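# Summary of structural features
Now for the letters of each chain:
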Amino acid sequence: MLLLSAADVSIERGERRLLQGVDLSVASGQVWQVLGANGVGKSSLLRALAGLARFGVEGSIARFEPLLYLAHAPAIKGALSPLENLRCHPACDITSSPAQIALALEAVQLGGFEHQPVGSLSAGQQRRVALARLLLTDARLWLLDEPFTALDGAGCDWLEECIRGHVSAGGAVIFTSHQPSRFSELQQDLDLGSYAVS
Amino acid sequence: MLLLSAADVSIERGERRLLQGVDLSVASGQVWQVLGANGVGKSSLLRALAGLARFGVEGSIARFEPLLYLAHAPAIKGALSPLENLRCHPACDITSSPAQIALALEAVQLGGFEHQPVGSLSAGQQRRVALARLLLTDARLWLLDEPFTALDGAGCDWLEECIRGHVSAGGAVIFTSHQPSRFSELQQDLDLGSYAVS
Amino acid sequence: MRGMWAFIHKLGSPPWFFGFSGTLVRWLLPVTVLLLAVGAYWGLLVAPPDFRQGNSYRIIYIHVPAAVVALAGYYVMAIAGAISLIWRIKMADVAMRAAAPVGAVLTAVALVTGAIWGKPTWGAWWVWDARITSMLILLFLYLGVVALFEAYENKTAAAKACAVLTLVGTVNIPIIYKSVDWWYSLHQPASLKFTGESAIDASMLYPLLVMIGAFYLLFAMSMLLNMRAELLWQHRNAHWLRQRLDVS
Amino acid sequence: MPSVDRPSLSLLAAFGRQFRRHGQALMASLTDVANPLLFFFMVVTLFPLGLGPDPLQLASMAPGILWVVALLASLMVSARMFASDFEDGSLEQMALASHPLSVLALGEVAAHWLATGCLLAVVSPVFAMMLGLPSQGLGVLVLSLLLGTLCLTLIGAVGSALTVSIRRGGLLLSLLIIPLNVPVLIFGTAAVTEAVMGRDPSTWLTLMGALAAGMLALAPLAVGAALRISLDS
Amino acid sequence: MPSVDRPSLSLLAAFGRQFRRHGQALMASLTDVANPLLFFFMVVTLFPLGLGPDPLQLASMAPGILWVVALLASLMVSARMFASDFEDGSLEQMALASHPLSVLALGEVAAHWLATGCLLAVVSPVFAMMLGLPSQGLGVLVLSLLLGTLCLTLIGAVGSALTVSIRRGGLLLSLLIIPLNVPVLIFGTAAVTEAVMGRDPSTWLTLMGALAAGMLALAPLAVGAALRISLDS
Ligand code: HEM
Ligand SMILES: Nc1ncnc2c1ncn2[C@@H]1O[C@H](COP(=O)(O)OP(=O)(O)OP(=O)(O)O)[C@@H](O)[C@H]1O
Ligand SMILES: Nc1ncnc2c1ncn2[C@@H]1O[C@H](COP(=O)(O)OP(=O)(O)OP(=O)(O)O)[C@@H](O)[C@H]1O
Ligand SMILES: [Mg+2]
Ligand SMILES: [Mg+2]
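Calculation criteria
Residues numbered from 1 in each chain as written. Chains lettered and ligands numbered in written order. Predicted model: local features only at pLDDT ≥ 70, side-chain atom pairs only at ≥ 80, totals over all residues. Heavy atoms only, no water. Helix = DSSP H or I, 4+ residues; strand = E, 2+ residues; numbered from the N terminus. Rg over C-alpha atoms; globule rule 2.2 N^0.38 Å. Buried < 20%, exposed > 50% of the residue type's maximum accessible area, 1.4 Å probe, protein only. Areas by Shrake-Rupley, 256 points an atom, 1.4 Å probe, with all protein chains shown as cover. Lys, Arg positive; Asp, Glu negative; His and termini not counted. Charge placed at Lys NZ, Arg CZ, Asp CG, Glu CD. Contact = heavy atoms within 4.5 Å. Buried area = accessible area lost by both parts, 1.4 Å probe. Salt bridge = Lys/Arg side-chain N within 4 Å of Asp/Glu carboxyl O. Polar contact = N/O pair within 3.5 Å; in protein donor to acceptor, adjacent residues only side chain to side chain. Donors = N, O, S within 2.8 Å, 3.2 Å for Na, K, Ca; no water. Pairing = 2+ DSSP bridges. Axes fitted to C-alpha atoms, helices over the stretch in contact; angles between N-to-C directions. Near = heavy atom within 4 Å. Nonpolar A, V, L, I, M, F, W, Y, C, P; charged D, E, K, R; others polar. Left-handed = near helix turned anticlockwise from the far one by under 90°. Expected span 1.5 Å × (residues − 1). Bend = angle between axes of the 7 residues up to and from the residue. Core = buried A, V, L, I, M, F, W, Y, C linked by side-chain atoms within 4.5 Å. Phe/Tyr/Trp six-rings, centres within 6.5 Å; stacked < 30°, edge-to-face > 60°. Lys NZ or Arg CZ within 6 Å of the ring centre and 35° of its normal. Parallel < 35°, antiparallel > 145°, perpendicular 65-115°, else oblique. Patch = residues over 30% accessible without salt bridge, like charges linked within 9 Å, V, L, I, M, F, W, Y side chains within 5 Å.

### Structural notes on the overall build of chain A
For chain A, the count of helices and strands is five helices and eight strands. Of the regular secondary structure in chain A, the N- to C-terminal order runs β-β-β-α-β-β-α-α-α-β-α-β-β. The C-alpha radius of gyration of chain A comes to 17 Å, within 12% of the 16 Å expected for a compact globule of 198 residues. Each principal axis of the C-alpha atoms in chain A carries an extent, and together these give about 50 × 35 × 30 Å. Split into buried and exposed, the 198 residues of chain A put 57% on the buried side. About 7,100 Å² of surface is accessible on chain A, with carbon and sulfur atoms providing 49% of the total. Of the side-chain charges in chain A, 15 are positive and 20 negative, and the distance between the mean point of each set is 5 Å.

Okay, here's the thing in C-alpha cells:
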C-alpha cells in the first residue's frame, strides 16, 4: 500500500531554493533513509512531507494520515515528568492508559525515572522519552529526523528493532541519519545531493 | 605535561550517587573518550572536570586553565549571526579579528552563512558554528561533550583532523561519544560503566 | 576568646549540635509552656479591661509579641545567612532555613491579629500606615526566602541561594524601613492613630512582657526543632545518627 | 489520502489534555498557585507606596489600580504564551494532530487564564478592601474582571501566536493588540465606577459580556491560523 | 595549576563584548525593547480612563503613577534577563571565562538597562505631559528615573540570577525583588513630588544616587555568586 507519494517537489527557504524535482513514493514495508550533507535540506524535506511547510514548497505531496513526525526538537516539556509528557502529548495521538505508558517507558530503559522532571534527565534519556511515543502511536507512516542522535549503542539497537517491527507490521519509515545504514536489506536511500540546487 | 588530574572523584545528582572513585590523569598529546550508557554520568563528569559543578562532587580535581568546554547546549544565540556569535562568545576567549573568524567559518563550511541568523541554520550548521571556536581558541585542554552530534561525514572527518592537530601540537582532548572510536592509536578509553554506582 | 571559637566550631559539627540542641529543647520546652500559660492567664483573665476598648484590647498579648519577635527573627536569619556565605559553615544554612518559616508565621500572625483588632478600633481591616506596611514587606521578605528554598531541587544550592538573598535583604532592610517611615511622613498623617495616647498601665504591661519573653522562647524552640528535623533528614544515612538513635 | 479508522480521542478530551499539559507545566506544585497570588498582592502594595496612603484617594483609584494589575498580569503571561511550545517543537506536533489546532490552543489559553486572570478575579475583593473600595463595588469588580481577563488573555493569545516565530520586528504586531485591549479596560473600569457610585453597571457588563463572547468565538480561529503561519515561516 | 600566559582580553573588553552580545540579541528581538515602552504607554493611557479625566487629580498623582509603572516594566524585563543564557549554555561559558563572572554579567545588565530603563527615562516626559505633570517636575523625573531604573535593573538582575535555574519559578522573581524595590519607588516619587511643589528635591535625589552607587558595587557580586549557584544546582 502506498503511504506517501511526492512528485516533483521543490523547496525554498529564505529566498534560496534548496531542492528541486524530488520524487518519492513510500509503500508499507519500506524504510527510507534520507541522506545528504549538513544544510542540504533533509529536515526541510521532512517537514514538507509531514505537511508542516506550505510556503516555499512546490509540487504535489499526498500522505496517509495520521502520521508520526519526530523533529530535531523533541516536543517534550522539561518541567513535566516522562509520564505526564506522554500522557498529554501535544499531537494527541496517544490513547494508551498510564499503565501502558509506564510499560513503554520501561522498554526505553526509563523505569524508575517516570516521575522525575524530564529537564533533569540526561540528553539520551530525554531522547528516549520522545522515542517512547513510537510504542504508543498507531500511525503507519513515521517521519523521523535524526532519531539515533544521543542514543547509546543499546538504544540504537532498540530503535532499529522498533523500526524493523513497525515495517514488518505494514508500516513505513522515512528517517534521516548521518550514521552508516543499519537496515541494509530493507532500506532504500534518498540522496538529496542529487536534487540540491547549487 | 599533565593537563588534568582527577583523583577519587565521586558525583552525586539529585540525591543519587552516580559515579564513585573515578581516577583520571590527562597529559598533553592524549585523546580520551569517555564511554558509558545513556544516563551513566558522562556529561556530569565533564562538567565536574571543567569546574562547573561543586555541590555533589567530591574528590580532588586539578586542571590546567584556561580550558575549553563544549556542552550539549552550544552557547549560541539564534538571533545573532555566526560572525557575531563568535565575536562576542560568552567565554571571552576569542581574541581573533573578524577576518580570522570569517576564515574559521569558511573552514567549517559556513562560508556564505556568516551573516544569517544562526537560528535559521540547519542543526549540523549550528553545531559547526559552535565548533568553529576550536580554531580560534588557544586553550590546551578541550572537554567536548558529544561533539560529533549532528555532523555529516565530512564534518566528522574535519573534527577528527582538528582534534588530531590539536593533540599533536601538545594539547589534550577529553570527549564523549556514542560512535565507534576514531583515534584508535592515540585514544584512551574511560569506561564509566565500571565506576557507576548501581 | 579561644573558648568561644571552640564553641562556635563545635556548633558547626552536626553530631555535637544534634546532642546539644536535644538537651536545650528538653530544658526550653517546660519553661516556654509555663511562660505562655502564665502570660495568657494573666493577660486574658487577670489584667483589667481597657477603659475605652473594653476587652478587645487583649489581642495585644498575641499581636505585640508576635510582631516584636518576627522583627528580631529576620536578623537571626540574616546573620545565619552571612555566616553561611562567609565562613561556609553548613550549620548556618540549616539555621537560616529553620528561622524563615517561623518568622513568616509570626509575621502573618501579627498582621492577622492586627487586622482583626483594626476592624473594631479603626473601622477598617487595613490602613496604609508606615509600620503596618513595613510589616507587610517583612512578610514578603520571609516568604521570598521560604519560596526560594522550596523552589530549588538541590538543597545545598537552595541554602546558598537563600543566603545571597538574605544578605542582599539585610543590606536593604534599614533602608526599606527608613524609607517607609519617610513615605508616611511625607504625606499628611492618617486620621487614625496607631498607638493609644495613654501610656500603657503596669497591670497590662507586665503580662505583655511575660508574653514577649514566651514568644522569644517559642521562636528559639521552633527554630531548634526545625533544625533537628533538617539534620535528621540530611544525615539519615550517616553513621553517627544511626548510632545515636539506636542508643536512645 | 483518507485517514485510517481508529479509536481516537474526542475533541473534548484533546482539549482537556492540552489544558492539563499546560496547566501542569504552569502549576505542578502548590507554590505555583501561590506565586501569582503573591505577585498580585505585592503589586497592589506598590500603588499606595507610590500614590500615598490617603484612604479616600486610594479608594477612588481602586478600580483603575486593579485593572492595571490585571492588564499587567495578562501581558506578562501572553508575552511568552506559545514561546516554549514553539521552541521545543510542541507546536509542530499540535499542528499535526487530527484535532483542530484552534481547539488545542484554546486548551492552553484556558489553563493560562485560570492561573492568572480567573485567579486574580476571585481574590480581587481582598485587594479591593485593602484599597478601601466601597463594598457595593465588589461583586461587579469580580464579574468584570472575570469577563475582562478572559478577553485580555484571548487577545494576548492572538498576539502571541502572531509573533511567536518572529526574530525581528514584533513591534508592529504588538501594536495591533493595544487597540483591542483598550475597550476592555474602558468597560471594566466604567462598570466598577458606576457600581461604586450606586448606579446600574449592567450596560457596561453586558458590553463586556458581548465582547468576551465574541472573542471566545473569534480568537481561537485567529490563534489557530496565526500559529500555522508562524510554524511555516 | 597555573594559567598559561597569552594575549588575553582586557576586563573592559570582556565587559564590552558581553554588552554587545546581549545588546545585539535584545535589539534583534525588537519586541523586548518595545514591550516595556508599550506597556508604559498603555498603562499611562489607562489611568485617565480609570480615574476620570479630572486634570488636577491626575497631575497630583502623575509621579506615583509613572514610578509604579516604571517599576512594573522593569519587573517584566528582568523576568527573563538570564533565562536564554541559561538555556543555551552561554552562562556556563561565562562562568568558565578567565574574567570574573560578575563583570561579564554586568555587561548584560548594562545592555538591559540601556534598552529599557534608560529608554523609559528618556521618553518619560512625553508620558508625564500626557498626565499633566507640571513642567518644573520633568527634569527631576528624568533624572530620578535614570538613577532609579538603574537600581531596579540591578536588583532585578540579582533576582533573575537567583531564579534562573528554577523550572517553575516565573513569578517567584517578583516576590524576591519587589520588597527590595520599595525604597527606590519611595525616593523616586518623593523627589518628583517635591520638585512639582517647587521645593528642593536634592535630598531624595542624593539618597537615590547613593542607593544606585551602593547597588552598583554590591549587585554584581551578588549576581555573580547567584549565577554560580544556579549553574550548580
Ligand atoms: C494589620 C495591622 C497591624 C500590623 C501589621 C501591626 C504591626 C505591629 C508591629 C510590627 C508592632 C511592633 C512594633 C514595635 O515593636 O516597635 C505592633 C505593636 C503594637 N500594635 Fe500593631 N499592628 C497592626 C494593627 C494594630 C491595631 C489595629 C492596633 C490597635 C489599635 C495595634 C496596636 C499595637 C500596639 C498597642 C502595639 C504595642 C507597641 C507600641 O505601642 O508601639 N496594632 N504592631
Ligand atoms: N538536576 C538533576 N537532578 C537530578 N538528577 C539529575 C540531574 N541532572 C542529571 N541527573 C541524572 O544524572 C544522570 C546522569 O546524567 P548525565 O547527563 O551526566 O548522563 P550522560 O552520561 O551524559 O548521558 P547521555 O549519554 O544521555 O548524555 C541521569 O540519570 C540523570 O537523570
Ligand atoms: N527559516 C529559514 N530561513 C532561511 N534559511 C533557512 C531557514 N531554515 C533553514 N534554512 C536553510 O535551509 C537549509 C537546509 O536546512 P535543513 O535544516 O533542512 O538542513 P538539513 O539537511 O536537515 O541539515 P542537518 O544535517 O544539519 O540537519 C540550510 O542551509 C539553512 O540555512
Ligand atoms: Mg536536519
Ligand atoms: Mg550527556
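Here the narrative resumes.
### Some remarks on the interface of chain B and chain E
On the side of chain E, 36 residues touch chain B, which itself brings 40 residues to the contact. Note on chain B versus chain E: buried area summed over both sides is about 3,200 Å², and carbon and sulfur give 55% of it. Together, Lys77(B), Cys88(B) and Cys92(B) form the three largest contributors to the area buried by chain B at its contact with chain E, with a combined 21%. Taken together, the links from chain B to chain E amount to four salt bridges. Asp232(E) is paired through a salt bridge with Arg54(B); the nearest N and O atoms lie 3.4 Å apart. If you look at where chain B meets chain E, you find ten residue pairs in polar contact (both at pLDDT 80 or more). If you list the elements that add at least two residues to the side of chain B that touches chain E, you get strand E1 (2-13), helix H1 (42-50), strand E4 (57-63), strand E5 (67-70) and helix H2 (82-87) of chain B.

### Side note on the coordination of the iron atom of ligand 1
There is one protein donor for the iron atom of ligand 1, namely His63(C) (NE2), at 2.0 Å. Note that His63(C) resides in helix H3 (residues 60-86).

### Description of the coordination of the magnesium ion (ligand 4)
All names here are of chain A. Of the protein atoms, only Ser43 (OG) and His72 (NE2) coordinate the magnesium ion (ligand 4), at distances of 1.9 to 2.4 Å. Here His72 lies in the loop between strand E5 (67-70) and helix H2 (82-87) and Ser43 lies in helix H1 (residues 42-50), a separation of 29 residues in the sequence. Ser43 gets classed as partly exposed once you look at its relative accessible area, which sits at 23%. With relative accessibility at 33%, the residue His72 sits in the partly exposed group.

### Notes on the sheet that holds strand E1 (residues 2-13) of chain A
All names here are of chain A. If you walk across this open sheet you meet the three strands as E2-E1-E4, and the pairing is antiparallel. In this open sheet, the two strands that pair with only one neighbour each are strand E2 (16-27) and strand E4 (57-63). Across the sheet, the axes of successive neighbouring strands diverge by a mean angle of 10°, strand direction being ignored. With eight bridges joining them, E1 and E2 adopt antiparallel strand pairing. By the bridge assignment, Leu4 is partnered in E2 with Val26.

### Let's talk about the site of ligand 2
Taken together, the neighbourhood of ligand 2 is formed by 23 residues, with Ser122(A), Gly124(A), Lys42(B), Ser43(B) and Ser44(B) sitting nearest. With respect to ligand 2, its neighbouring residues span chains A and B. In this structure, Asn38(B) approaches ligand 2 through a side-chain N or O atom, which is 3.0 Å from an oxygen atom. Within the complex, the protein chains bury 92% of what would otherwise be the 640 Å² of accessible surface of ligand 2. Considering only residue class, the shell around ligand 2 consists of six nonpolar, 13 polar and four charged.

### Quick notes on the packing of helix H3 (residues 55-78) of chain E against helix H7 (residues 138-163) of chain E
Residues and elements named next belong to chain E. Between H3 and H7, the least distance of the axes is 9 Å, while the angle of their chain directions is 35°. Two packed elements cross with a definite hand, and for H3 against H7 that hand is right-handed. Residue-level contacts link Leu66, Trp67, Ala70, Leu71, Ser74 and Ser78 of H3 to Leu141, Ser144, Leu145, Gly148, Thr149, Leu152, Gly156 and Ser160 of H7. Taken together, the residues that form the contact of H3 with H7 break down as seven nonpolar, seven polar and no charged.

### Describing helix H2 (residues 14-46) of chain C
Residues and elements named next belong to chain C. For H2, which comprises 33 residues, the first-to-last C-alpha distance of 45 Å matches the rise-based estimate of 48 Å (1.5 Å per residue) to within 8%. At Leu28, H2 is deflected by roughly 25°, the largest bend along its length, and proline Pro30 occurs up to four residues later in sequence. Every buried residue of H2 is listed here: Phe17, Phe18, Ser21, Gly22, Val25, Leu28, Thr32, Gly39 and Gly43.

### As for the pattern of salt bridges
If charged atoms from side chains of opposite charge come close, those side chains can pair. Per the counting criterion, the structure on display carries 30 salt bridges over all chains. In this structure, the salt-bridge partner of Lys77(B) is Asp88(E), at a minimum N-O distance of 2.9 Å. Pair noted here: Lys77(B) is in the loop between E5 and H2 and Asp88(E) is in the loop between helix H4 (83-87) and helix H5 (90-96), and the two residues belong to different chains. There is no split in this pair, since Lys77(B) and Asp88(E) are both buried. Of the charged contacts, one joins Arg133(B) and Asp93(B) as a salt bridge, the two residues approaching to 3.2 Å between their closest N and O atoms. Placement of the pair is Arg133(B) in the loop between helix H4 (123-132) and strand E6 (141-145) and Asp93(B) in the loop between H2 and helix H3 (98-107), with a sequence separation of 40 residues.

### Quick notes on the sheet that holds E5(A)
Residue and element names in this part refer to chain A. In spatial order, the strands read E5-E6-E7-E3-E8; together these five strands make up an open sheet with parallel pairing. Edge positions in the sheet fall to E5 and strand E8 (187-191), since each has one partner strand and no second. Recorded for the sheet is a direction-independent mean angle of 15° between the axes of neighbouring strands. Pairing between E5 and strand E6 (residues 141-145): four bridges, direction parallel. By the bridge assignment, Tyr69 is partnered in E6 with Leu143. Contacts from H1 reach strand E3 (31-35), E5, E6, strand E7 (172-176) and E8 within the one sheet, and its direction differs from that of E6 by about 155°.

### Points about the nonpolar core
By size, the foremost hydrophobic cluster in this structure holds 301 residues, and its most contacted members are Ile174(A), Ile174(B), Leu148(C), Phe47(D), Phe82(D) and Phe82(E). The element best represented in this core is helix H8 (residues 172-196) of chain E, accounting for 17 residues. If sequence neighbours within four positions are ignored, Phe82(E) has contacts with Ala105(E), Glu108(E), Val109(E), Ala157(E), Ser160(E), Ala161(E), Val164(E), Val223(E) and Leu227(E).

### Topic: the packing of aromatic side chains
All names here are of chain B. Applying the stated criterion across every chain, the model contains 15 aromatic pairs over all chains. One residue, Arg54, lies across the ring of Phe55, its end atom 5.5 Å from the ring centre. Cation over ring: Arg140 sits above Phe64, and NZ or CZ is 5.7 Å from the ring centre.

### With respect to unusual backbone geometry
For the bond running from Glu65(A) to Pro66(A), omega is -5°, close enough to zero to count as cis. Residue Glu146(B) is not a glycine yet carries a positive backbone phi of 50°. Take Glu146(B): it is sitting in the loop between E6 and helix H5 (153-168). Its identity as a non-glycine residue notwithstanding, Ala150(B) has a phi of 70°, on the positive side. As for its placement among the helices and strands, Ala150(B) is situated in the loop between E6 and H5. The class for Ala150(B) is buried, based on a relative accessible area of 13%.

### Here we look at the packing of helix H6 (residues 101-130) of chain D against helix H7 (residues 138-163) of chain D
All names here are of chain D. At their nearest, the axes of H6 and H7 sit 9 Å apart, and the two run at 150° to each other. Taken together, the axes of H6 and H7 are roughly antiparallel relative to one another. Between H6 and H7 lies a crossing whose hand is right-handed. Counted together, Leu106, Val109, His112, Trp113, Gly117, Cys118, Ala121, Ser124, Pro125, Ala128 and Met129 of H6 and Leu138, Leu141, Val142, Leu145, Leu146, Thr149, Leu150, Thr153, Leu154 and Ala157 of H7 form the full contact between these two elements. Its residues assigned to classes, the contact of H6 with H7 comprises 16 nonpolar, five polar and no charged.

### Some points on a nonpolar patch on the surface
Residue and element names in this part refer to chain C. Residues Tyr41, Leu44, Leu45 and Val46 make up a contiguous nonpolar surface patch of roughly 430 Å² in combined accessible area. Assignment of secondary structure puts Leu45 in helix H2. The exposed category is assigned to Leu45, whose relative accessible area is 62%.

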